[in-house]
Amino acid sequence: MNKLLQILFLLLFCAGTANATKIKGHVYDKQTGEAIVGATVVLDNPRRVTNTGLDGIFEFKGMATGPAKISVSYITYQTITKTIMVEKEDNEHLKFYMESDSKALDDITIKSNTVSSTDQGARRLEKNATQIMNIVSGRSIEISPDLTVANVMQRISGVSIERNSNGDGQYAILRGMDKRYNYTLVNGVKIPSPDNKYRYVPLDLFPSDLLDRLEVYKTLTPNLEGDAIGGGINMVMKNAPGKFQVNANVSSGYSQLFIDRKFASFNSSDINYKSPYELNGKSYNATQNDFTKGTLDYKYKNPAPNLIGSLSLSQRFLDNKLGVVLAGSYQNTYRGSNSTFYNTAVNGTDAYAVITNKSYREFSEQQQRTGLHGKVDYVFNQNHQLSLYNVYVNLKNEQLRDAVTTTYNGVYNPTLGNAELVYNTRSRLTEQQIYNSTLHGDHKFFDGKFKLQWSAVYSSAKNDVPENTSISLNGIQQNFHSRRLSLVNTSPVNRRWERNTDEDLAGYLDLSYRIDIGKNKLDVMAGGLYRDKQRSSFFNNYTLAPNAADASKVYGVDFQNYTDLNLVVSNPTGAVANPLTYDATEKISAGYGMFKYASAKLEIVGGARVEHTNQGYNLLFPAGETFPKGQQVYTDILPSLNAKYFLSEKAQLHASYYKALNRPGFYEIVPGKVVNEEFQERGNPNLKRALADNFDLRYELFPGASEQLLVGAFYKRIKDPIEYTFQADAVRGQDIYYTPGNFGTANNYGAEVDYIKYFSKIGLKANYTYTHSRITTPKTTRTINPTTGDIQALSVNQERPLYGQSEHIANVSLLFKDTKKGWDAQLAGAYTGPRINTVSQFLNNDLWQEGFIQMDASAEKRFKSGISVFIKANNILNTPTKLFIKGTNPENNKINEDLVKDGNTLVRSDYYGQNYLVGFRYKFN
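Computed from a predicted model, the values in this text were never measured in an experiment. (Residues numbered from 1 in each chain as written. Predicted model: local features only at pLDDT ≥ 70, side-chain atom pairs only at ≥ 80, totals over all residues. Heavy atoms only, no water.)

J.: Help me understand the overall build of the protein chain, please; the structure alone is not making it clear to me.
T.: Helix and strand counts for the protein chain stand at seven helices and 52 strands. Considering only C-alpha atoms, the protein chain reaches an extent of 105 × 80 × 60 Å along its principal axes. Pairs at least 24 residues apart make up 71% of the contacts formed inside the protein chain by residues separated by at least 6 positions. Within the structure as shown, the protein chain displays about 39300 Å² of accessible surface, and the carbon and sulfur contribution to it stands at 55%. (Helix = DSSP H or I, 4+ residues; strand = E, 2+ residues; numbered from the N terminus. Contact = heavy atoms within 4.5 Å. Areas by Shrake-Rupley, 256 points an atom, 1.4 Å probe, with all protein chains shown as cover.)

Right, here's the structure in full:
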C-alpha cells in the first residue's frame, strides 16, 4: 500500500511539473530602448515579487498555465499592468516598455536627480555628448569604496592619480599628461586652485558624496575653455528632483596603521594665524614668547575612530517652479604613512648615484574635510529659468612628521661603526578652501529657436599654513644601541607662515540659433567669457637658536620637553622679503564661434576659440632680481572639429581634433628662489605657454542601458611643453635649482579600451590604457678633462617619457547586484605602471615610481525601510609607493638592506596601511 501511495504521489508531482512553467521578460525605457535595472515586477494570484537584474531581465519559475496579471513599476516611470496567458512554452519573450512620469511644468520637464545620477543616465550622456568623455554616475560613486573625488578618478580609463603623504589620491593625470595640463570645473565653471604656486586643484578637497556625477572631458569644443591639453574634470553637483528627497549617511572606521603604532599629534588650538611681523609691524623684534608652545607639544596616543557623515535635502515648491537643494558633508579621518628614504648623490665621474644617508619618517595626519552645497532654481515659464548655485569646500590637515636621518662618516654604510643621527620633527597645520557662487540664466526666444545662456561667477581659493614648526636635534648612535641627543648649534627651530588667496570675477555668455534644413538641423553658436583673477601670496620665516651655553644640552637629561627650551630668535624681524611674497594678476578674454550640424547618420561640431591672456606679477620685496615685475601678454586661436557617425542606434564612430594651451603657473614666472627642505626652487620669467594639437578617434557601442564598449586612440603633439628639471645656475654653477622650462616638442600617443558588461546579477567593469610619450631635456654628465685631469661637467640631451606618464594603466571591478534582496558589492583593482617621479639633473638618474596595484572593496545591504548598511575597505593589499633609480652604483651593493634588485636601486618606500569603514545610509524619496 505504501509503495502504491508513493507511486501515485510521484505521478501527481510529475503531472504538476508538466503543467508548471516559467515566465521571463525584459523591461525597457520606451524612449531610449535601454534596459531598466531594478524595476519592481509583481505577479498576482499568487502574489510574487521580483526585480529586474543588471540586464533588465526578470523571471518567475514554477508558474501554472493560464492567465496571470503582471505589474511593473520604477521610480519616475508610469506603472504598467498587463494580463498575459501563461503557456507551456514560449513565455520567455515578454517585453515591457515604460514611459517617463516626470512632473512637467508647461513644456519643461524637471528631470529627476534619481535618473540623472544612475549608470543608465551616465551611459546616455556619454552616448549623446558632443565631445569624447567618460562619466561616473552618482550611484556608482555612492556604492564605491571611494570617499573623495580624487579616489573616484582612478576608476576612469586613461586616468592615474598622484597620492599625498597619507596614501590618498590628490591629483589626476589624464592620458599621461601631468596634472598641470588639466583643469577642474564645478557645474561647468572653472574654479581657482588654493595651491601657492600652481594652477591645478587638489581633488582630495571634494567629498564624493556631494556629486550627482563626475565627468572627464578628453576633448574640447570651442565653447569650453582652451587650457586643457590633457582634458577637463567637471564635478556636477546634486540637483533638485521632482519631489521631496532626503539622503543621509553616517559611518565610522579605523586605519590599520594606527592599530600597529601610535598616532602623533600636537596642540594646534593656540596657533597664531598671523606672524609677529603682521601683528606688530615690520620693525618689531620678535622673541620666543611671540610663538606658541603648542606646535612643540607632542602627544603619542591611539586616535579616535574616523567619523564620516553627509546629509542632503531637496524639494520643489510653488507647483514645481521653485527647486531647492541643500547638501553637506563632513569627514574626520586619521591617516598616515611609514616612509623610508635613501638620499643619494652623484660623486666624481660615477654614472649612478651613491646612497649617502637613510631617513625613516612617520607621518600622522588628522584630516577634517567639510563640503557645503546649495542650489536654488526658479522656472518662470517654458522659456525662462534662473538658478543660483553655491559650493564651499574646506580641508583642514594637522600633520606631524617624525624623522630620523642616519649617516656614517658622510655616507650610508652601517658597517662603518657609530652613526651620526639627525632627529627632525615637523608640526604643520594646513587649511585649504574653495568657494564658488554662480548666478545662471537660461532663456529661449522665437519658439525655442534662439537660446541665450549667461553666468555671473565669483570664486575664491585660499591656502593657509600658519606657524609651520620644525625642530632638529643631533645625536650619535653607539654600538647600535645607546643614543645621545642634543640641540644643534645653528638654529634648530624654524617657524614659517605661508598664505595665498585667489579671487576670480567672471562672466560667461552663450548664444545659439537653430535652423531647420529639411529633416536635418543646424545650430549656429557664439559666445565668450571674461575673467579677472587677483592673487596675493605671503611668506614669512623665523629661525630660533639656543644660547651658546645651552647648545650642548641633552634631550632626556637636561630637558624633557621641547616646550622647555630657551631660544633666541636669529632673525627677529622675520624674512618676509622673499619671492613668495608677491601679487599676481591674470585677465582672460575669450570669444568663440561654432556650429553643430545633425542629420540621421552624422553629427559635426566645429569652430574656433580665441583667448587673450594678460598675466603678470609684482614682487613686493625685490632683492636684486632682474625682473621684479613681469608680464606676459599673448593671444591664441584654438580651432576644433568633432564628428560622430552613427553606425546603428547603438554604435557610432567619434572623431575629434582640437588645439589647446597650457599657461605657466603664477609662481613659475617669478624670478626668485625658495629654499625647500630637500632642494632649492626657482621660477623662470622666460617660461612660455605650451601649445598642443590633439587628435582622437573612438568607436562607441552601447548595447544595453548600463553597458558599453569604447575603443579609442589619441595623439598629442605638444610644442614647448613645461617640465621641471634640476638645473645649474648660469652664473653660479655650484647652485642647483629645481626650475620649470620649455623643452622643444613632445609627442604623446596611446590607445584606450573601456568595457562594461552585466550578466544578470554579476557585472564587469574593465578598462586599459596604453600611453607612449617622448620629450628631450638636458642632463649633466661628468668626465675627466684629458688635458687638465680635472672633473668637468658636460650637458647632454636625453630622451625620456613625460613626467608622471605610465605606459600601462588598467582597472578591473567585479560587481554583484541583487536588486530583489538589496545587495550591492564590488571588488575594484587599479594598476598603474612605472612612471617618472622626479627628474634628476644627472644623466640616467631620474627617480621612477614602481608600478603598483591598489585593491579596494565595498558592499551595501538595503532594507525596505530606506535604510542601508554598508562597508568600505581601502588599500586592502597595503600597497606601498616605491621609488627607484634605473641602475646602481657598486657602493650601494655594500648596504645589506635588499636595495638593489634587477639592476635598479630602491631609494624610497612608503606604507600607508589598510582603512576600514562601516556605516548606515537612509533614503527617503
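There's more to say after this.
J.: Explain the environment of Ser-251 here, please?
T.: Looking at the element boundaries, Ser-251 is found in strand 17 (residues 245-255). Residues Ser-251 and Gly-919, spaced 668 residues apart in sequence, show a C-alpha to C-alpha distance of 3.6 Å. Each residue touching Ser-251, except ones within four places of it in the same chain, is listed here: Asn-306, Leu-307, Ile-308, Phe-870, Leu-917, Val-918 and Gly-919.

J.: What's the story with the sheet that holds strand 15 (residues 211-217) in this structure? I'm lost.
T.: Two orientations exist for strands paired in a sheet by backbone hydrogen bonds: parallel and antiparallel. Spatial ordering of the open sheet is given by 10-15-16-13-14, a layout of five strands whose pairing is mixed. In this open sheet, the two strands that pair with only one neighbour each are strand 10 (133-137) and strand 14 (189-190). Its contacts with the sheet place helix 3 (residues 119-128) against strand 10 and strand 15, and it is angled at close to 165° to strand 10. (Pairing = 2+ DSSP bridges. Axes fitted to C-alpha atoms, helices over the stretch in contact; angles between N-to-C directions.)

J.: Where do I start with unusual backbone geometry in this structure?
T.: It is generally the case that most residues other than glycine have a negative phi and that most peptide bonds are trans. The backbone of Asn-875 shows a phi angle near 55°, a positive value even though the residue is not glycine. Residue position: Asn-875 is located in the loop between strand 48 (867-874) and strand 49 (881-886). Located in the positive-phi region is Asp-902, a residue other than glycine, with phi close to 55°. Within the secondary structure layout, Asp-902 lies in the loop between strand 50 (900-901) and strand 51 (904-911). Judged by its relative accessible area of 73%, Asp-902 is exposed. (Buried < 20%, exposed > 50% of the residue type's maximum accessible area, 1.4 Å probe, protein only.)

J.: Help me understand the nonpolar core in this model?
T.: Nonpolar side chains tend toward joint burial in soluble globular proteins. Grouped together as the largest cluster of nonpolar side chains are 35 residues, with contacts concentrated most on Leu-220, Ile-229, Tyr-582 and Ile-718. Elements that contribute at least two residues to this core include exactly strand 10, strand 13 (182-186), strand 30 (582-598), strand 31 (602-619), strand 33 (651-662) and strand 36 (690-701). If you look at the next biggest cluster of nonpolar residues, it comprises 31 residues, including Ile-141, Val-391, Leu-395 and Ala-461. (Core = buried A, V, L, I, M, F, W, Y, C linked by side-chain atoms within 4.5 Å.)

J.: Explain the sheet that holds strand 3 (residues 48-51) here, please?
T.: An order of 3-2-5-6 is seen for the four strands of this open sheet, with the pairing classed as antiparallel. Of all the strands in the sheet, just strand 3 and strand 6 (80-86) have a single pairing partner and so form its edges. The sheet shows a mean angle of 25° between the axes of neighbouring strands, taken without regard to direction. Sheet topology note: the strand 2 (residues 40-43)/strand 3 ladder contains four bridges and is antiparallel. Pairing of Leu-43 across the sheet is with Arg-48, part of strand 3.

J.: Could you clarify how one ought to interpret the environment of Asn-289 in this entry?
T.: Following the sequence through the fold, Asn-289 ends up in the loop between helix 7 (276-280) and strand 19 (298-301). For Asn-289, a relative accessible area of 72% translates into the label exposed. Counting along the chain gives 450 residues from Asn-289 to Thr-739, while the straight-line C-alpha distance between them is 37 Å.

J.: What is the right way to look at the side chain of Ser-387 in this model?
T.: Along the chain, Ser-387 turns up in strand 23 (residues 384-407). Setting aside chain neighbours within four positions, we find Ser-387 in contact with Lys-375, Val-376, Asp-377, Thr-438, Leu-439 and His-440.

J.: Sorry if this is basic, but what is going on with the pattern of salt bridges here?
T.: Side chains that differ in sign of charge can pair as their charged atoms come close. Under the definition given, this model contains 50 salt bridges. Lys-179 serves as the salt-bridge partner of Glu-162, at 2.9 Å between the closest nitrogen and oxygen. On the criterion of sequence distance, the pair formed by Glu-162 in strand 11 (residues 159-163) and Lys-179 in the loop between strand 12 (169-174) and strand 13 is long-range, its members being 17 residues apart. Judged by its relative accessible area of 8%, Lys-179 falls in the buried class. One salt bridge connects Asp-532 with Lys-587, and the closest N-O pair in it is separated by 3.9 Å. (Salt bridge = Lys/Arg side-chain N within 4 Å of Asp/Glu carboxyl O.)

J.: What exactly am I supposed to notice about helix 3 here?
T.: Think of an α-helix as turning once every 3.6 residues; residues three or four places apart then point the same way. Here helix 3 lies mainly inside the structure; seven of its 10 residues are buried. Taken together, the buried positions of helix 3 are occupied by Asp-119, Gln-120, Gly-121, Ala-122, Arg-123, Glu-126 and Lys-127.

J.: Explanation requested: the packing of aromatic side chains in the structure shown.
T.: Two measures describe an aromatic ring pair: the distance that separates the ring centres and the angle between the ring planes. Taken as a whole and assessed by the stated rule, the structure comprises 21 aromatic pairs. Pairing Phe-258 with Phe-263 gives two aromatic rings, centres 5.0 Å apart and planes at 80°, and the pair type is edge-to-face. One exposure class covers both Phe-258 and Phe-263, and it is buried. In this structure an aromatic cluster arises from ring pairing among Tyr-171, Tyr-198, Tyr-200, Tyr-724 and Tyr-738. A cation over an aromatic ring shows up here: Arg-163 above the ring of Phe-852, its NZ or CZ 5.1 Å from the ring centre. (Phe/Tyr/Trp six-rings, centres within 6.5 Å; stacked < 30°, edge-to-face > 60°. Lys NZ or Arg CZ within 6 Å of the ring centre and 35° of its normal.)

J.: Can you help me understand the confidence of the model for the protein chain in this one?
T.: Close inspection of predicted coordinates is inappropriate for parts of the model with low pLDDT. Chain-level statistics for the protein chain give a pLDDT mean of 88 and a share of 91% at 70 or above. Segment residues 4-19 is flagged for pLDDT under 50; beyond a separation of four residues in sequence, or across chains, it makes four contacts in the model. Here residues 102-114 is a poorly scored stretch, pLDDT under 50, and it has 38 contacts once near neighbours within four places are set aside; other chains count. (pLDDT = per-residue confidence, 0-100.)

J.: What exactly am I supposed to notice about the environment of Val-149 here?
T.: Along the polypeptide, Val-149 turns up in helix 5 (residues 149-153). Between the C-alpha atoms of Val-149 and Leu-211, which are 62 residues apart in sequence, the distance is 8.7 Å. Excluding residues that lie within four positions of it along the chain, Val-149 makes contacts with Leu-203, Phe-206, Pro-207, Ser-208, Leu-211, Leu-214 and Met-235.

J.: Would you mind going over the pairing of strand 16 (residues 231-237) with me for this structure?
T.: For a regular strand, side-chain orientation follows a simple rule: the groups alternate between the two sheet faces. Within strand 16, seven of the seven residues are buried, leaving the element largely enclosed by the surrounding structure. Burial of the side chains of strand 16 extends over both faces: Gly-231, Ile-233, Met-235 and Met-237 are buried on one face and Gly-232, Asn-234 and Val-236 on the other. Summarising the sheet, strand 13 and strand 16 pair through five bridges and their orientation is parallel. Residue pairing for strand 16: Tyr-183 is matched across the bridge by Gly-232.

J.: Is there a simple way to explain the side chain of Gln-708 in this structure?
T.: Relative to the elements of secondary structure, Gln-708 occurs in strand 37 (residues 708-719). Among the polar contacts made by the side chain of Gln-708, one reaches the side chain of Arg-123 at a distance of 3.1 Å. Polar side-chain contacts of Gln-708 include one of 3.5 Å to the side chain of Asp-754. Excluding anything up to four places from it in sequence, Gln-708 contacts Arg-123, Glu-126, Leu-701, Phe-702, Pro-703, Asp-754, Tyr-755 and Ile-756. (Polar contact = N/O pair within 3.5 Å; in protein donor to acceptor, adjacent residues only side chain to side chain.)

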